[in-house]
Structure formats: structure tokens, C-alpha cells
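Observations on chain architecture
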Amino acid sequence: MRASNKNLFHLTITIIFTEADFDELWLEGLETGEITCQSNDSEYIETWQHELKKGFIQVIELRPGLYLQFGNYETPITWGEEGQHSESFPLTLAFIMTGGCREQIYGIKEDNCEQAGENYLFFLPGTCEIEVHPTGLLQNICIRVEPHLLRSHLSS
């Protein structure tokens, strides 16, 4: 007896890296040349030609505390990373043009999905999250504002 395709299901396993594991993977990528970084006084570009990600992330400092970030990369496999935002994590406005990701933000939202055509404003200093990058292309633009810049602007 043959199994019908209707009765079969696809099982997807997602690899979740801890922050330490991802840092180690990143350093190995720098050593092998699969990840490169270039920077000057106002710009940082990280280029990936790695099994997890192919493409780039570019960050431009518009003024101290104000950054414009572009992401354009493809993820050949679904993977995730667990990490903690620093206490100085900036206010972020994200515009997703293509692709997206899923997030589990501990204590705030168990299942958050960033997707193409939507934008997000978030400020999550000190929070832990798992961010899962599904297979496919991700293109986004983020505006990041450090909290001290907002405080100084509001008090003047």
C-alpha cells in the first residue's frame, strides 16, 4: 500500500544558537573569511558568505546616537539565536520590505512575527529573546536612536 501525499507532513527542525555559540560561530566566520567587517568613522558593513546567511548588514551613523541600518541577506536554512539586549539597547523603528522573522521575547510576547509590508517600533533594553530567521530573503531598514539622545532632545 502506498502512502498518500495528503498523509505525509514535513518536519522542520530549527537550530537555535545561544549567544555564546553564535559569538563563537561569528569569530570562526571572521577567521575563515566567510564573514568580513569593514568600518570607518561613520559606517560599518558586515558581509556574510556563510552557510547561515549570505548578504550584508550596513550601519551608518547619521550623528552620535542616531543610526540607519540596512539589511539585505538570504538565509539558506532556518536558524535562530537566543540573546539578551543590553541595557543601552536603542529605540528601534524597523521597516521590513521582504521576508521577516519570528521572535519570542521573554516576559513580553511569546510569539511575535515581523513580516514584509509592516513596520515596528520597539524599545526592549535588558530583555531576552529568541529570534528565528526562516529560509529566504530578508530586506529591512532600521532607524536606531540611543536613549541618551532622546533624553537630551526632550530636555532642551
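Scroll up for the structure.
Overview of the structure.

What counts, and where the lines are drawn
- Every chain begins its residue count from 1, and numbering advances along the sequence as written.
- For a predicted model such as this one, the threshold for reporting local features is a pLDDT of at least 70, and the threshold for listing and counting side-chain atom pairs is 80 or more; totals across whole chains, interfaces and linings nevertheless cover every residue.
- Where side-chain values are given, they derive from all heavy atoms of the structure, hydrogens and water being excluded.
- For every residue, the accessible area (1.4 Å probe, protein chains only) is compared with the maximum for its type, and the residue is labelled buried under 20%, exposed over 50%, or partly exposed between those bounds.
- What counts as a helix is a DSSP run of H or I of at least four residues, what counts as a strand is a run of E of at least two, and both are numbered from the N terminus.
- Criterion used throughout: strands pair if DSSP finds at least two bridges between them.
- Think of a 1 Å grid over the protein atoms and nothing else: a 1.4 Å probe that fits but is trapped marks a cavity, an open set flanked by protein within 12 Å on at least five of seven lines marks a pocket, and residues with an atom within 4 Å of a point count as lining.
- Grid points are joined across faces, edges and corners, and a volume is the space filled by probe spheres set on the points.
- As a working rule, the residues Ala, Val, Leu, Ile, Met, Phe, Trp, Tyr, Cys and Pro are called nonpolar, Asp, Glu, Lys and Arg charged, and the rest polar, with Gly in that last group.
- Working definition: rings of Phe, Tyr and Trp (its six-membered ring) pair if their centres are within 6.5 Å, and the pair is stacked with planes under 30 degrees apart, edge-to-face with planes over 60 apart, and tilted otherwise.
- Two conditions define a charge located above a ring, namely a distance within 6 Å from the ring centre to NZ of Lys or CZ of Arg, and an angle within 35 degrees of the ring normal.

**Considerations on the pairing of strand S11 (residues 128-133)**
- Of all six residues making up S11, five are buried, and the element is well covered by its neighbours.
- Both strand S6 (residues 79-84) and S11 contribute to a ladder of six bridges, which runs antiparallel. Bridge assignment links Gln-84 to a residue of S11, and that residue is Cys-128.
- Inspection of the sheet shows strand S8 (residues 100-105) paired to S11 by four bridges, in the antiparallel sense. Bridge pairing in S11 links Gln-104 to Ile-130.

**Describing the layout of surface pockets**
- Empty space within the largest pocket amounts to approximately 1100 Å³.
- Lining the largest pocket are 37 residues, with Gln-69, Glu-81, Phe-89, Glu-131 and Arg-144 positioned closest to its centre.
- Of the residues assigned to the lining of the largest pocket, the class counts are 17 nonpolar, nine polar and 11 charged.

**Looking at the packing of aromatic side chains**
- Within this structure, the stated rule accounts for five aromatic pairs.
- Considering the side-chain rings of Phe-17 and Trp-79, the 6.3 Å spacing of their centres and the 70° angle between planes classify their relative orientation as edge-to-face. Of this pair, Phe-17 sits in strand S1 (residues 15-17) while Trp-79 is found in strand S6, placing the two residues 62 residues apart along the sequence.
- Relative accessible area serves as the criterion here: at 0%, Trp-79 is assigned to the buried category.
- Taking 6.1 Å as the distance between ring centres and 25° as the angle between the ring planes, the aromatic pair formed by Phe-22 and Trp-48 counts as stacked. On the criterion of sequence distance, the pair formed by Phe-22 in helix H1 (residues 19-32) and Trp-48 in strand S3 (residues 43-49) is long-range, its members being 26 residues apart. With respect to class, Phe-22 is no different from Trp-48; both count as buried.
- Ring-pair connections join several aromatic residues into one group, and the members of that group are Phe-17, Phe-22, Trp-48 and Trp-79.
- Directly above the ring of Trp-48 sits Lys-53, whose terminal nitrogen or CZ lies 4.6 Å from the centroid.

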